[in-house]
Amino acid sequence: MHVSPKKHLGQHFLTDENIALKIAQTIQNQNFNNILEIGPGTGVLTKHLITCYPDKDLKVLEIDKESVEFLYVNYPSLKVISGDFLKIDTQTIFTDDFMVIGNFPYNISSQIVFKVIENRHHIPVMAGMFQKEVAERICEKPNTKAYGIISVLTQAYFDCTYLFTVSEHVFNPPPKVKSGVLIMVKKNEEPDCDMVKFTYLVKKSFNQRRKMLRKSLKSDFKPEFLQDDFFMQRPENLSVEDFVYLTKLSVQ
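The notes below deal with the structure included here. (Residues numbered from 1 in each chain as written. Predicted model: local features only at pLDDT ≥ 70, side-chain atom pairs only at ≥ 80, totals over all residues. Heavy atoms only, no water.)

1. Some words on the packing of helix H7 (residues 195–206) against helix H10 (residues 240–250)
Now for step 1: Remark: H7 packs on H10, axes separated minimally by 9 Å, with the N-to-C direction vectors making an angle of 110°. Between H7 and H10, the crossing angle belongs to the class labelled roughly perpendicular. Handedness of the crossing formed by H7 with H10: right-handed. Taken together, the residues of H10 that come into contact with H7 (itself represented by Lys197, Phe198, Leu201, Val202, Ser205 and Phe206) are Val240, Phe243, Val244, Leu246, Thr247 and Ser250.
Now for step 2: Classifying every residue of the contact of H7 with H10 by side-chain character gives 8 nonpolar, 3 polar and 1 charged. (Axes fitted to C-alpha atoms, helices over the stretch in contact; angles between N-to-C directions. Helix = DSSP H or I, 4+ residues; strand = E, 2+ residues; numbered from the N terminus. Parallel < 35°, antiparallel > 145°, perpendicular 65-115°, else oblique. Left-handed = near helix turned anticlockwise from the far one by under 90°. Contact = heavy atoms within 4.5 Å. Nonpolar A, V, L, I, M, F, W, Y, C, P; charged D, E, K, R; others polar.)

2. Considering the sheet that holds strand S9 (residues 179–186)
Strand pairing within a sheet occurs via backbone hydrogen bonds; the two strands may be parallel or antiparallel.
Now for step 1: The sheet built from 7 strands is open, its strands ordered S4-S3-S2-S5-S6-S9-S7 with mixed pairing. The sheet terminates laterally at strand S4 (79–82) and strand S7 (158–166), the two strands that pair on one side only. Between one strand axis and the next, the sheet turns by 20° as a mean value, whatever way the strands run.
Now for step 2: Sheet topology places strand S6 (residues 125–131) next to S9; 7 bridges connect them, and they run antiparallel. Along S9, the bridge assignment pairs Val125 with Val185.
Now for step 3: Against the sheet, helix H1 (residues 17–24) engages strand S5 (99–103), S6, S7 and S9, with an angle of about 170° to S7.
Now for step 4: Against the sheet, helix H3 (residues 65–74) contacts strand S3 (57–62) and S4, and its axis sits at roughly 165° relative to S4. (Pairing = 2+ DSSP bridges.)

3. Notes on the nonpolar core
Now for step 1: Ile138 and Phe198 are the most contacted members of the largest nonpolar core, which totals 50 residues.
Now for step 2: Counting 31 residues, the second-largest nonpolar core is a separate cluster that includes Leu14, Ile27, Ile101 and Val125. (Core = buried A, V, L, I, M, F, W, Y, C linked by side-chain atoms within 4.5 Å. Buried < 20%, exposed > 50% of the residue type's maximum accessible area, 1.4 Å probe, protein only.)

4. Section: H7
Now for step 1: Taking 1.5 Å as the rise per residue, H7 with 12 residues should run 16 Å; its terminal C-alpha atoms sit 16 Å apart, in good agreement.
Now for step 2: Buried-residue contacts for H7 involve helix H6 (149–155), helix H8 (213–216) and H10.
Now for step 3: Measuring from the side-chain oxygen of the N-cap residue of H7 to the backbone nitrogen of Val196 gives 3.0 Å; that N-cap residue is Asp194. (Expected span 1.5 Å × (residues − 1). Polar contact = N/O pair within 3.5 Å; in protein donor to acceptor, adjacent residues only side chain to side chain.)

5. Brief notes about the pattern of salt bridges
Now for step 1: What the rule picks out here adds up to 9 salt bridges.
Now for step 2: Taking the shortest distance from any N to any O, the salt bridge between Lys132 and Glu136 comes out at 2.5 Å. Of this pair, Lys132 and Glu136 both sit in helix H5 (residues 132–139), 4 residues apart, which is roughly one turn of that helix.
Now for step 3: Residue classification places Lys132 among the partly exposed positions, given a relative accessible area of 23%.
Now for step 4: For Lys248, the salt bridge identified is with Asp192, shortest N-O distance 3.8 Å. (Salt bridge = Lys/Arg side-chain N within 4 Å of Asp/Glu carboxyl O.)

Note that every value here comes from positions in space, so none of it alone points to a role or purpose.
What follows is the structure in structure tokens.
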């Protein structure tokens with residue numbers, strides 16, 4: 001049975017078995033029993049997850065009906081869920097904590113990350129392949145152009161590590177960009193501040209990233225606070241800890 005990559009689903013099927021194995025091995029040191037693979041397609045990563053983790057509970061979630069049928073035929077013992085990760089209630093997949101892994105569709109990969117953040121209390125690990133630029137942004141540090149909203153909001157809750165780059169030539173069809181593989185592992189402690197306010201300030205400041213904080217956040221702080229040198233910085237200069245400080249200051 002042949003599965004055709006579908007452009008509207010952002011499908012680029014990985015064809016290199018060695019890279020698929022390397023991606024599967026990214027979670028080998030994580031002590032969680034449940035694994036969810038998102039977007040398995042034709043199972044190039046799935047087969048290595050089955051081999052590498054025979055004692056773990058593996059489920060795959062696939063939106064493409066043709067791929068679902070392929071997986072049923074070729075992996076009859078595999079637990080296949082037909083659905084959309086962005087719409088599904090994650091607590092219906094596993095009752096206990098689970099790791100997320102996959103070759104994530106480029107067109108929704110950031111949304112997948114934000115959903116994992118929302119469900120971080122039972123998704124402690126996320127690993128897999130993204131468009132290289134997105135993977136770099138997630139793991140980026142302050143004082144760079146790539147550092148932004150997704151960097152701060154992810155790193156507030158997860159330790160993020162960029163692992164390796166993947167050539168565009170090992171996919172069918174080849175994407176126009178390179179890919180990057182990363183792993184995110186949930187931190188033991190969350191920032192000690194109002195995280196709703198934290199998220200609001202991160203997004204508002206980066207939405208005007210060329211402006212100093214005293215301009216972009218003028219309506220959120222008392223005038224005397226805005227005279228401090230801290231507010232002469234731009235958002236890309238601020239670490240997660242700086243945004244925590246900013247959040248605490250905003251409620252004084």
